[in-house]
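Geometric and topological summary
Single-letter residue listing:
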Amino acid sequence: MEGRFAAEFQLLNGSGAWLAAEVLDFSIAGIRVCFEREQLGIALNEAEIEWQEALFRFRGGALEEILLKGHFLMIYEKRDGKLTTGFEFLEISPELQIKLIRFYAEHRRGQEQSG
């Protein structure tokens, strides 16, 4: 499902900092994301991202924060200091799937109301 919204990620083998990302596409299995290569004094390169495990955090209006573990896929676009890649969710329970669907539905409703 296409739809842009903000999220944050934390590399599990990194500094522990939460870095900003923009979700470009969303599914129950994963997301396509774009983010600035340099954030919070951290300069990321492909080797530090590709196939690395991370946590993604989604926050939405009335819904609680959603935290999902997964791993990045290959970086397939580098432009203007931004990296674009896929992120595959791991160990996603049925309860988390329902939370994700609700999160996405709330996000879409918000877009429709503001657009």
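Along every chain, residues carry numbers that run from 1 in the direction the sequence is written. For a predicted model such as this one, the threshold for reporting local features is a pLDDT of at least 70, and the threshold for listing and counting side-chain atom pairs is 80 or more; totals across whole chains, interfaces and linings nevertheless cover every residue. Only hydrogens and water are set aside when side-chain values are computed; all heavy atoms of the structure are taken into account.

Some remarks on the pattern of salt bridges
Heads up, the rule is: One side-chain nitrogen of Lys or Arg within 4 Å of one carboxyl oxygen of Asp or Glu is enough to make a salt bridge. Each residue is placed in one exposure class: buried if its accessible area under a 1.4 Å probe, protein chains only, is under 20% of its type's maximum, exposed if it is over 50%, and partly exposed if it falls in between.
Applying the stated criterion to the full structure yields eight salt bridges. Among the salt bridges present, the one from Glu38 reaches Arg37, with a minimum N-O distance of 3.1 Å. Judged by relative accessible area, Glu38 falls into the exposed class, the value being 53%. The network of salt bridges with shared partners includes Glu8, Arg57, Arg59 and Glu65.

Examining the pairing of strand S2 (residues 19–26)
So the rule is basically this: Pairing between two strands is assigned when DSSP locates at least 2 bridges connecting them. A run of H or I in DSSP counts as a helix once it spans at least four residues, and a run of E counts as a strand once it spans at least two, with each numbered from the N terminus.
Across four bridges, the pairing between S2 and strand S3 (residues 30–36) is antiparallel. Bridge pairing in S3 links Phe26 to Ile31. Connecting the antiparallel pair S2 and S3 is a turn made up of three residues.

Worth remembering: the numbers are spatial, not functional.
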